[in-house]
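Given next are the chains, with one letter for each unit.
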Amino acid sequence: MALGYIGKIAKVNLTEGKVDAEHPKEHFYRRYLGGTGIGAYYLLKEMAAGVDPLSEGNVLVFAASVITGTPGPAIPRYSVVAKSPLTGTIGKSEAGGFWGPALKRGGYDALVITGKAKEPSYLYIENGRLEIRLAKHLWGKSTGESQKMLRDELGKEIRVAQIGPGGENMVRYANICNELAHFNGRNGLGAVMGSKNLKAIVVKGSNKVECHDETRIKEITKFVARGMKDHPQAYGLYLSGTPAGLAGKNAGGNLPTENWTKNVFEDAEKIGGEALEEFFIKRKGCYSCPIRCKRVVKVDQGEFQVDPIYGGPEYETLASLGSNLGIGDIRTLAKANELCNKYTLDTISLGMTLSFAMECFDKGLLTTEDTDGLELKFGRGDLLLELIEKIAFKKDVGELLSEGSQRLAEKIGPEAMDLLLAVKGQEMPMHDPRVKNGVGLQFALSSCGADHWTAQQDPLFQEAGSLGLEGIKSLGILEPIGPLDLKGPKVRLIYYTHLMTLMYDVLGICVFGAVSRSILPLSMVLDLVKAATGWDTSLWELLKSAERTSNMLRMFNVREGFGRKDDTLPKRLFEPMATGPLAGKNAISEQDFNEAVSLYYQMAGWNEEGIPLPGKVAELDIDWVGEYM
Amino acid sequence: MAKVKVKLHFVLRRYGQAELEVLELPDKTTVQQLMDQYGFAPGEVGVVTVNGKLPGRDHELEDNSSVEFYPIFGGG
């Protein structure tokens, strides 16, 4: 009997309206564990190279893990994997919430979706049964409206992963939303759903996920619940959530401001964690997680209202739509966040596409002739709200901006490329690598474009005795490493924590639940897998599974023509900070960076072009990928 | 003695009596000594500003300095 996992993966062909299932053996689950591991497996096997990501040839995978749906702490995540319409690389994105555990309780470990439905459709899953149903009545509706209609029709206990108009209209950075406030945010995977005429996946699950040792799993949840308030980082997340990060970044001279042309924002106090408190109404969390880091806001007075069903803005949103656009009004940002959640737009790529367009406008590379008369200026909250509507529905200039910043830069010409802040076509998150060089390596080496959770971040490891460093001593990282270092110890830190973070992704563990960002130690991550599955496994085996996935992602990208030339950083990061306390300092050395990339390749077992060597492929037991290259 | 204003941000507030405190410190007290006095856990402080600047932890605090402590933020 399968323990931890269900042993069933649905195969849904939307073109033919056909539903089937595979029942992989135990070794499949032990090799790939879940999430992106399972996703990359199916993408490599079932998708041809060079497929247009918005065509019916794309393969879309939703995958939970061998521990999802158990009562363990901070394991709410599932991955969505498909070829990204934003980057052309493999696309992957994790979301918390409740949908992943519900998928397991509904009788499936993963869904592999191919083809394109003739009419708007949704999938309905209930306790091991899967149906393709018509969604004509939902198409065009906001996420809030669709969720309400589905609940009225199917009962309040359903969980809904869905797209709003942004995904339906195939905005290249549309995301996928569950429970209106949790997102597979990056890589434009919502547009892939839209291209398949797939509005939603509704799950109703009441089956228990059987475990080998449920008592041990519950003990670990109690450990997190009891210890959380004594753990500074976990407690910080509970107390103030991610918005608290904005003030420190501004004080530290590294808050992305006006397309990163500035590094401090004069109105930072008006858009940070303290400003948001005025509208805070409650905390919210995810399935079986005691940390509850989400902040729900409500605005019911003034120029406009913000509906609390859509949660509240995280740090990334406050910075990308706030300081990055020069907008210092928290109400506007709360409203913009609500609109993005209604329409399913990724706030990072949205903010960075707009800021790029605004800098181009400022420099005369775009004019009102290109923008249907709109003055694309920094600091205009009204313009932000107007542009979100235009982009989600691809109206007027919204069509141009819906393509993301890289396509816009290519359209404008070479002079715009210097202003572009994207890697492999994905816009950079709100973390400036010039104050934490390892984040620059992450951005450059990520298989899905600039991403701030490809590994852990440098500041956590700069002090002896810090919780961040203590948390990874069992990986063999024993000494503190400075944030501006790019030599061997830093590259090793990024490589090892990449494997650790990807292990969390394939297991569905939230990065805000486990070391180095939070409380759950690696020894207990291992215990969770053992207790769920009954396997006599080890941290070695789990990290090897993450390495296997990392190499599968890499090989997918090699198949699509990506290589060393794409593992780079935007020009602006090789220039010093422009304003604030670090003005004139902190340019990343291009030579140090290039040497670090080479060193990383060597550590990973890749050649100088970043292609996995045959020995590495054999060691990871993925020779089979060769047949599909 | 140096009169120093100290502001503790977010989760660090639990180390002080109030969000904003005025302390009398011996001359030449360094940022690190002030941190030791508060007893922050290792690595818990991410950014320290003195009068809006980013001096090192061996910086000696002068009279009327304004010090602000921000928690570590290792990815949001």
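Nothing here was measured: the structure is a model prediction, and the numbers come from that model.

J.: Is there a simple way to explain the overall build of chain A in this structure?
T.: Of regular secondary structure, chain A possesses 25 helices and 16 strands. Relative to the compact-globule value of 25 Å for 629 residues, chain A shows a C-alpha radius of gyration of 23 Å, a close match. Seen through its principal axes, chain A has C-alpha atoms that stretch 65 × 60 × 50 Å. Here chain A holds 629 residues, and 67% of them are scored as buried. If you take every contact in chain A between residues at least 6 apart in sequence, the share linking residues at least 24 apart comes to 69%. Accessible surface, chain A: about 20300 Å² in total, of which carbon and sulfur atoms supply 48%.

J.: Help me understand the overall build of chain B, please; the structure alone is not making it clear to me.
T.: A count of helices and strands for chain B gives 1 helix and 4 strands. Secondary structure elements in chain B, listed N-terminal to C-terminal, are β-β-α-β-β. Each principal axis of the C-alpha distribution contributes one length, and for chain B these read about 40 × 25 × 20 Å. Within chain B, the proportion of its 76 residues that are buried is 49%. For chain B, long-range pairs separated by at least 24 residues make up 57% of all intrachain contacts whose partners lie at least 6 apart in sequence. A gap of 6 Å separates the mean positions of the 8 positive and 11 negative side-chain charges of chain B.

J.: Help me out: how do you make sense of unusual backbone geometry in this one?
T.: Excluding glycine, a negative phi dihedral is what most residues carry, and trans is how most peptide bonds are arranged. All names here are of chain A. Omega for the peptide link from Val-515 to Ser-516 comes to 10 degrees, which places this bond in the cis form. Its location among the elements puts Ser-516 in the loop between helix H21 (488–507) and helix H22 (522–533). Positioned with a positive phi, Glu-179 is a non-glycine residue whose angle comes to about 55 degrees.

J.: Quick question: what am I supposed to make of the side chain of Asp-458 of chain A here?
T.: Residue and element names in this part refer to chain A. Tracing the backbone through its elements, the reader meets Asp-458 in the loop between helix H19 (437–445) and helix H20 (467–471). Among the polar contacts listed, one links the side chain of Asp-458 to the backbone nitrogen of Val-439, at a separation of 3.3 Å. If we ignore the near neighbours within four places in the chain, the residues touching Asp-458 are Lys-436, Asn-437, Gly-438, Val-439, Pro-483 and Lys-490.

J.: Can you help me understand the pairing of strand E1 (residues 2–8) of chain B in this one?
T.: Within a regular beta strand, the side chains point alternately toward one face of the sheet and then the other, so they alternate between its two faces. All names here are of chain B. Of the two faces of E1, the one holding Ala-2, Val-4, Val-6 and Leu-8 is buried and the one holding Lys-3, Lys-5 and Lys-7 is not buried anywhere. Sheet topology note: the E1/strand E2 (residues 20–25) ladder contains 6 bridges and is antiparallel. The residue bridging Ala-2 from the neighbouring strand is Leu-25, located in E2. Summarising the sheet, E1 and strand E4 (residues 65–71) pair through 5 bridges and their orientation is parallel. Bridge pairing in E4 links Leu-8 to Phe-69.

Parameters and conventions
- Every chain's residues receive numbers from 1 upward, in the order its sequence appears when written.
- For naming, the first written chain is A and the first written ligand is 1, with later ones following in the order written.
- The predicted origin of the model limits local features to residues at a pLDDT of at least 70 and limits the giving and counting of side-chain atom pairs to 80 or more, whereas totals for whole chains, interfaces and linings rest on all residues.
- Neither water nor hydrogens contribute to the side-chain values; these are computed over all heavy atoms in the structure.
- For the purposes of this entry, the term helix denotes a DSSP run of H or I that reaches at least four residues, the term strand denotes a run of E that reaches at least two, and both are numbered from the N terminus.
- Only the C-alpha atoms count toward the radius of gyration. The rule for a globule is 2.2 Å times the residue count to the power 0.38.
- Think of it in three bands: with a 1.4 Å probe and only protein chains considered, a residue is buried below 20% of the maximum accessible area for its type, exposed above 50%, and partly exposed in between.
- Throughout, a residue-residue contact means that at least one pair of heavy atoms, one from each residue, lies within 4.5 Å.
- Surface exposure here means Shrake-Rupley accessible area, sampled with a 1.4 Å probe, where a residue is shielded only by the protein chains that are shown.
- Positive: Lys, Arg. Negative: Asp, Glu. His and the chain ends are not part of the count.
- Positions of charges follow a simple convention, taking NZ of Lys, CZ of Arg, CG of Asp or CD of Glu.
- We call two N or O atoms a polar contact when they sit within 3.5 Å, provided that within protein one can donate a hydrogen and the other can accept it, with sequence-adjacent residues counted only if both atoms are side-chain atoms.
- At least two DSSP bridges between two strands are needed for those strands to be called paired.

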